[in-house]
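If you want the building blocks of each chain, they are given just below.
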Amino acid sequence: MAERPDPEGAGKKWQRRGLHSALMVPVRVLGRPIGVLTLGRFRPESPAFELTDQVLAQTLADHAGLAIENARLYAAATEAQQSAQRAQAERDDNAARLQPTLDNMREGYTIMDPELRYVYVNRAGAEHTHLTREQLLAHTPLELYPGFEGSPIPPALQRALSEQQPPRVEEEFVHA
């Protein structure tokens, strides 16, 4: 490694402080240097650093890089988990504020998951189906209503899951 000019004699200043020899190796994360591990010997009787010292120092630096990356990943995972918990709490708060409004609507209101299982049904929605909310939740219309698969609603629900502008479908149901 080429020596850089030392116009102010910084190397001599370190020598005056007792630095006898120094060893510097990169601290890397995924092959990218993120810092430098520096070892110094300050006693004149100490031998200069050798190749075995460099190998050991590089091993330590590599372990330090792994520890730093693991700490970064842990912090990122913790932040992501906390962010998800905050978002869930906000959704729960919004749902708690919205639920009385939805429950008092005269129109049926339902929410289905991507597998088309009911995850929310307002009071009117349950009354219109002649089933209780408990009977509806976690079930699909195909499981609950004989002949439903022949109606235009199942394909419309599937299109609604995949399109920007969901289709409008109105169907009249006759209950037993």
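Just so we're clear, the structure is a prediction, and the values are computed from it rather than from any experiment. (Residues numbered from 1 in each chain as written. Predicted model: local features only at pLDDT ≥ 70, side-chain atom pairs only at ≥ 80, totals over all residues. Heavy atoms only, no water.)

1. Observations regarding the pattern of salt bridges
How we decide: Here, a salt bridge means any side-chain nitrogen of Lys or Arg that lies within 4 Å of a carboxyl oxygen of Asp or Glu. For the exposure calls, accessible area comes from a 1.4 Å probe over protein chains only, and a residue counts as buried if that area is under 20% of its type's maximum, exposed if over 50%, partly exposed in between.
If you walk through the whole model with that rule in mind, you get seven salt bridges. For Asp113, the salt bridge is made with Arg117, and the minimal N-O distance between the two is 2.7 Å. Accessibility expressed as a relative area gives 14% for Asp113, which makes it buried.

2. Concerning the side chain of Gln58
Operational definition: The helix count covers DSSP runs of H or I at least four residues long, the strand count covers runs of E at least two residues long, and both are numbered beginning at the N terminus. Two residues qualify as a contact provided that any one of their heavy atoms is within 4.5 Å of a heavy atom in the partner residue.
Positionally, Gln58 belongs in helix 2 (residues 51-103). Once you skip the residues sitting within four places of it in the chain, Gln58 turns out to touch Val25, Pro26 and Arg28.

3. Structural notes on the pairing of strand 1 (residues 21-29)
Rules: A pair of strands is labelled paired if DSSP reports no fewer than 2 bridges between them.
Sheet topology note: the strand 1/strand 2 (residues 32-41) ladder contains nine bridges and is antiparallel. When the bridges of strand 2 are listed, Val29 appears paired with Arg32. With antiparallel pairing between neighbouring strands as the criterion, strand 1 and strand 2 make up a hairpin whose turn holds two residues, including Leu30 at a positive phi of roughly 55 degrees.

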